[in-house]
Each structure stands twice: as structure tokens, then as C-alpha cells.
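# Structural features, examined
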Amino acid sequence: QKEVEQDPGPLSVPEGAIVSLNCTYSNSAFQYFMWYRQYSRKGPELLMYTYSSGNKEDGRFTAQVDKSSKYISLFIRDSQPSDSATYLCAMGMEYGNKLVFGAGTILRVKS
Amino acid sequence: GAVVSQHPSWVICKSGTSVKIECRSLDFQATTMFWYRQFPKQSLMLMATSNEGSKATYEQGVEKDKFLINHASLTLSTLTVTSAHPEDSSFYICSAREGSGNYNEQFFGPGTRLTVL
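Our subject in this report is the structure included herewith.

Rules used throughout
Residues numbered from 1 in each chain as written. Chains lettered and ligands numbered in written order. Predicted model: local features only at pLDDT ≥ 70, side-chain atom pairs only at ≥ 80, totals over all residues. Heavy atoms only, no water. Helix = DSSP H or I, 4+ residues; strand = E, 2+ residues; numbered from the N terminus. Rg over C-alpha atoms; globule rule 2.2 N^0.38 Å. Buried < 20%, exposed > 50% of the residue type's maximum accessible area, 1.4 Å probe, protein only. 1 Å grid on protein atoms, 1.4 Å probe; cavity = no way out; pocket = protein on both sides within 12 Å on 5 of 7 lines; lining within 4 Å. Points joined across faces, edges and corners; volume = space filled by probe spheres on them. Nonpolar A, V, L, I, M, F, W, Y, C, P; charged D, E, K, R; others polar.

In terms of regular secondary structure, chain A is built from zero helices and 11 strands. When the helices and strands of chain A are placed in sequence order, the string is β-β-β-β-β-β-β-β-β-β-β. For 111 residues, the compact-globule estimate of 2.2 N^0.38 gives 13 Å, and the C-alpha radius of gyration of chain A, at 13 Å, lies within 12% of that figure. Within chain A, buried positions represent 44% of all 111 residues.

As a volume, the largest pocket reaches approximately 510 Å³. In terms of lining, the largest pocket is formed by 20 residues, of which the most central are Q38(A), T86(A), Q38(B), P40(B) and K41(B). Take the lining of the largest pocket: its biggest share by element is three residues, from strand β9 (residues 85-92) of chain A. Its residues assigned to classes, the lining of the largest pocket comprises nine nonpolar, eight polar and three charged. Its volume calculated, the second largest pocket comes out at about 430 Å³. Every residue lining the second largest pocket is counted, 20 residues in all, and those nearest its centre are V100(A), F101(A), S43(B), L44(B) and M45(B). Looking at the lining of the second largest pocket, the elements that each hand over two or more residues are β10 (100-101) of chain A together with β5 (44-51) of chain B.

Okay, here's the thing in C-alpha cells:
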């Protein structure tokens, strides 16, 4: 079993839709949870990070962490074609140190 | 935000040759740099962690004699793939971290695509 599981998609939605991206994990020692966006042939860009359980909102993006279920989510409201990218979840036991990434979910927002 | 560059952005080489990839932090001093490898449609896999002035720490299964990492300054780390073979073809991404506290973000470079013929 992988430490972090993420459905690779692709996930195709119409412009304006609410997108839900999810990851599950097995290591209960993870404390920091991140979501990265990666465009084709580019390095990952940090979108959100959350410490322990709870919600965090930034503009159209909301990150949720449920440590009891070992489940994290990223919601994108009013999705735009420019949101089309691969979204990677990542988690670590100490922020900035070793990160374990999910496989990434390919998102396509159609105009 | 902090910027990390990589050079070259892509390279094609013959089997058996060595390839050096540079990772630079442009506007901050990176006490720690990380090297990842990403195969098509797969996630980033950490290869090694390097701290300035000390030997790199390699992840299990990564051959340290094949993937030579040098972190000689606070703004530059290099990864040399020695005697490259087609199975080494991949997307290599570095990240850099400033400081050593718990709240220091990793900033990623744009990646280097290596193709070994």
C-alpha cells in the first residue's frame, strides 16, 4: 500500500463547476498537508498548506484535513480553464523537510 | 516569491555519458536542497536531501555513486547522473528551502527533462 493515494483522473469539468480533489494516507504521523499545482513540463507550485486537522480558505481554494479519517481534500470554486493542471497532494512530518507526494490528479476545465 | 532555477531545462545524451544538472536559488540562500525524480504520469519521488557543505542523504534504493550530488554553496546544488542509461530518462526536479525551522516552504525549480538514447 502506498503511503499516499490519489486518483490520477483525468477529471473533466465545465467552467464554473466546483471541483473536489482528494487524497488518503496511511501514516498517522503526518502533520503538514499541502496541495501543489503543476502545469505540464513545469515544477510544482504550492497552493495551500494546512497544519493538522481543519479547513483553510484562500480565494477560490479551500483545503480540508480530516486526520481521524486520514483524508484530505482541495475544493476549487468557480473553476476556470486556467485551473487545468495536475494537482498533487503532499504531506510531511515536518514542514519543509521530506515530503511524500500523491500521484497527482489531472484536472481539465472546459470552457 | 522565491525563485529556483534549473539548467538545462532539457538534455538528450547517449547511453554511458554523464550529465550534470544545476539547481540555483536566485533570491535566497538555500540551506537545504532536495532532488526529485518524476516518471510520466507518476508522482515526485524524493531521491536525496542535501545540506550546504555536507554529504547528501539518499533515499532507499537511490544509488549514491550513480547520482552524485554536490551542494557547495548556499545558492547552488548540482546533480550528476553518471553513466546514464535509457532507464534514467526522467524529469528531474529540485527544490530549495531557506532556513531550518518547521515553517520553511520548499520552492521548486522548473525541472530538467533528461532523455538517454
